[in-house]
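# An overview of the molecular structure
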Amino acid sequence: MRALSGVWRWRHNPLRRATDRREAWVALAAFVLFVLAAPAAGWFFGSRTDDVLQESVRAQQARSHLTTAVVVRRTAGSRHFVADPEVSADRAALTTVLARWQAPDGTVRSATVTTTSHHTAPGDRVRIWTDREGHPALRPMDAPTAHTHAALAGFGAAMLAALLIEAGRRLIVWRMVRQRYARLDRAWARAGPDWGRTGTGS
C-alpha cells in the first residue's frame, strides 16, 4: 500500500523529480512481486518437492514390509533400527531387544532391533519393518510427513524469493540515489565557482 500511495502522491506533485517517480514505480513493482511472484515460487517448489517425496514414499513402502517379531531377550547396545512404525523414534523411549521373525521366504531370522513398545519381555510381540529379503529396515516415510516437508520447502522458497525481491529493490534504489548525488555534485561543480558573486546567472 505504501508503494501505491507513493506513486499516487508523486503523480501530480509539482515538486516531484524524475527519480522520485522512478523510485515509486520500483516500490510498486516490488510490491506486486511480493504479492504474486513470491507465493507462486513457494507453490511451485512446494508442489515439485511434494511430487518427489510422494514418489519416494511409494518406493520406500514398496520395498518395506511390516512384520511381527517375537522378543527373545532384552539387550544392551546402541540403537540400530526403529521397530515401531506408529511412533516417532526421536521422542519415544527406545528399548533394544533381540527379536526373531519369519522372512517372506519362510526362513527364520533374528537381529537386534529397537522398539518403543512397553511390552518387551521374552515372548512378547513387537512390530518391525523389514525389506523384501526379511532383513530389518528403517521405517519408511509416510505421506503426511512428506506433505509437511514439502510445505516447509515451499515456505522456504517463498521467503527466499521475497528476500531476493527486497534485495533487488534496495540495490536499484541505491544505484538511483548514487546517480542522483552524482548529478548534484556535477551541478554544484559548475555553479560553485560563481556562487555568491554579483551578477551571477545574468
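The structure we're discussing is the one just above.
In this report, we go over the structure that sits alongside the text. Not measured: the values here are computed from a predicted model.

A separate point is the overall build of the protein chain. Looking only at helices and strands, the protein chain features three helices and four strands. Starting at the N terminus, the α and β elements of the protein chain follow one another as α-α-β-β-β-β-α. With 202 residues in all, the protein chain has 31% of them scored as buried. Contacts in the protein chain between residues far apart in sequence, at least 24 positions, make up 70% of those at least 6 positions apart. When the accessible surface of the protein chain is split by element, carbon and sulfur atoms take 59% of a total near 13,700 Å².

Below, the discussion takes up a nonpolar patch on the surface. A cluster of nonpolar side chains, Phe31, Val32, Phe34, Val35 and Leu36, forms an exposed patch at the surface whose accessible area comes to about 410 Å². Within the fold, Val35 resides in helix 2 (residues 18–63).

Turning our eyes to something else, we now look at the pattern of salt bridges. Two side chains of opposite charge can pair, provided their charged atoms sit close to one another. Scanning all chains against the criterion turns up four salt bridges. One salt bridge connects Glu55 with Arg58, and the closest N-O pair in it is separated by 2.8 Å. One end of the pair, Glu55, and the other, Arg58, are both in helix 2, three residues apart, so they sit about a helical turn from each other. A salt bridge links Glu166 to Arg169; the shortest N-O distance between them is 2.9 Å. Here the residue Glu166 and the residue Arg169 both occupy positions in helix 3 (residues 143–191), the gap between them amounting to three residues, near one helical turn.

Of all eight residues making up strand 2 (residues 95–102), six are buried, and the element is well covered by its neighbours. Where strand 1 (residues 65–74) and strand 2 come together, four bridges link them in antiparallel fashion. Looking at the pairing, Arg74 lines up with Val97 of strand 2. Looking at chain direction, strand 2 and strand 3 (residues 108–115) are connected through eight bridges and run antiparallel. Paired with Gln102 across the bridge in strand 3 is Val108. Hairpin connection between strand 2 and strand 3: a loop of five residues separates the two successive antiparallel strands, and Gly106 in this loop has a positive phi of roughly 95 degrees.

Here we come to the nonpolar core. Counting residues in each nonpolar core, the largest one holds nine residues, listed as Ala69, Val71, Val97, Ala99, Trp101, Ala111, Val113, Val126 and Ile128. Listing elements by their share of this core, those giving two or more residues are strand 1, strand 2, strand 3 and strand 4 (125–130). In terms of residue count, the dominant contributor to this core is strand 2 (three residues). If we skip the residues at most four places from it in the chain, Ala99 touches Ala69, Val70, Val71, Val72, Arg109, Ser110, Ala111 and Val113.

What counts and how
Residues numbered from 1 in each chain as written. Predicted model: local features only at pLDDT ≥ 70, side-chain atom pairs only at ≥ 80, totals over all residues. Heavy atoms only, no water. Helix = DSSP H or I, 4+ residues; strand = E, 2+ residues; numbered from the N terminus. Buried < 20%, exposed > 50% of the residue type's maximum accessible area, 1.4 Å probe, protein only. Contact = heavy atoms within 4.5 Å. Areas by Shrake-Rupley, 256 points an atom, 1.4 Å probe, with all protein chains shown as cover. Patch = residues over 30% accessible without salt bridge, like charges linked within 9 Å, V, L, I, M, F, W, Y side chains within 5 Å. Salt bridge = Lys/Arg side-chain N within 4 Å of Asp/Glu carboxyl O. Pairing = 2+ DSSP bridges. Core = buried A, V, L, I, M, F, W, Y, C linked by side-chain atoms within 4.5 Å.

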